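If you want the building blocks of each chain, they are given just below.
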Amino acid sequence: MTQESHSRSVDAIHSRPAGVDHKTIEALGELSKALETVHRVRGHLYSAHQLVGGADLTLDRVVKLLREAGHVEVADRVERELLGRNLLPGRWTFQIVEEFDDGYYAAFQEIERDAREKLAGGRRHIYEAEMKERRRTHGMPGHEATP
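Criteria and thresholds
- Residues numbered from 1 in each chain as written.
- Predicted model: local features only at pLDDT ≥ 70, side-chain atom pairs only at ≥ 80, totals over all residues.
- Heavy atoms only, no water.
- Patch = residues over 30% accessible without salt bridge, like charges linked within 9 Å, V, L, I, M, F, W, Y side chains within 5 Å.
- Areas by Shrake-Rupley, 256 points an atom, 1.4 Å probe, with all protein chains shown as cover.
- Salt bridge = Lys/Arg side-chain N within 4 Å of Asp/Glu carboxyl O.
- Helix = DSSP H or I, 4+ residues; strand = E, 2+ residues; numbered from the N terminus.
- Buried < 20%, exposed > 50% of the residue type's maximum accessible area, 1.4 Å probe, protein only.
- Arc of directions from axis to C-beta.
- Phe/Tyr/Trp six-rings, centres within 6.5 Å; stacked < 30°, edge-to-face > 60°.
- Axes fitted to C-alpha atoms, helices over the stretch in contact; angles between N-to-C directions.
- Parallel < 35°, antiparallel > 145°, perpendicular 65-115°, else oblique.
- Left-handed = near helix turned anticlockwise from the far one by under 90°.
- Nonpolar A, V, L, I, M, F, W, Y, C, P; charged D, E, K, R; others polar.
- 1 Å grid on protein atoms, 1.4 Å probe; cavity = no way out; pocket = protein on both sides within 12 Å on 5 of 7 lines; lining within 4 Å.
- Points joined across faces, edges and corners; volume = space filled by probe spheres on them.

Together, Val 52, Leu 87 and Leu 88 make up an exposed nonpolar region whose accessible area comes to about 240 Å². Locating Leu 88 in the fold gives a position in the loop between helix H3 (72-82) and helix H4 (93-120).

The structure is reproduced here in structure tokens:
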């Protein structure tokens, strides 16, 4: 496969800027892939935030039912030791999510964007667009380059 056929893209928006080599495009593709993984991590953190919050709210009912069943000592322990407890030292899940968003997540997004700006004119998904062009069957329904 020639360098020219290797660097063809499905459209101009995702085309490789002149003079940008394959290793650079591959590196940007891997950086984008890593960022996509971090986006998934963020989603999981928000899921954990909502699940832990829901579990904590359920403890209100647990305490009420235990008291109604005459298990005051167990109800008191659940209320005292679990209800409203920090997930990590000094932090509820909203604080963990905020720290992640403002720290690691924000830095990762900014570094990925900066790398694309400096190395590929800000263009996204060049690696994937070139892969799509190589793998699609021209002229076949369902293999169109663009919508």
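There's plenty left to go through after this.
Moving on, we come to helix H5 (residues 126-135). Within H5, the full set of buried residues consists of Ile 126, Ala 129, Glu 130 and Glu 133. The buried side chains of H5 occupy one side of the element, clustering within an arc of 100 degrees when seen end-on.

Moving on: the pattern of salt bridges. The full count for this structure, using the stated rule, is 13 salt bridges. In this structure, the salt-bridge partner of Glu 130 is Arg 16, at a minimum N-O distance of 2.6 Å. Residue Glu 130 is located in helix H5, and its partner Arg 16 is located in the loop between helix H1 (3-6) and helix H2 (22-68); the two are separated by 114 residues in the primary sequence. Here Glu 99 ties to Arg 91 by a salt bridge, and the two come within 2.7 Å at their closest N and O atoms. When its relative accessible area of 45% is taken as the criterion, Glu 99 is described as partly exposed. Look at the salt bridges and you will find they share partners, linking Arg 8, Glu 133 and Arg 136 into a network.

This brings us to the packing of aromatic side chains. Tallied over the full model, the rule gives four aromatic pairs. Centre to centre, the rings of Trp 92 and Phe 94 are 6.4 Å apart; their planes meet at 85 degrees, and the pair counts as edge-to-face. Here Phe 100 and Tyr 105 contribute two aromatic rings whose centre-to-centre distance is 5.8 Å and whose plane-to-plane angle is 25 degrees, an arrangement assigned as stacked. With relative accessibility at 14%, the residue Phe 100 sits in the buried group. An aromatic cluster is built from Phe 100, Tyr 104, Tyr 105 and Phe 108, whose rings are joined through pairwise contacts.

Between H2 and H4, whose axes approach to 10 Å, the crossing angle comes to 165 degrees. Here H2 is positioned roughly antiparallel relative to H4, judged by the angle of their axes. Relative to H4, the crossing made by H2 is left-handed. Taken together, the residues of the contact of H2 with H4 sort by class into 20 nonpolar, six polar and four charged.

This part is about the layout of surface pockets. Its boundaries defined by the atoms lining it, the largest pocket holds a volume of some 250 Å³. Taken together, 14 residues form the lining of the largest pocket, with Val 52, Gly 53, Asp 56, Arg 85 and Trp 92 sitting closest to its centre. Elements supplying a minimum of two residues to the lining of the largest pocket: H2 and H4. Here the element with the most residues in the lining of the largest pocket is H2; it accounts for seven residues. Residues that form the lining of the largest pocket fall into these classes: eight nonpolar, four polar and two charged.

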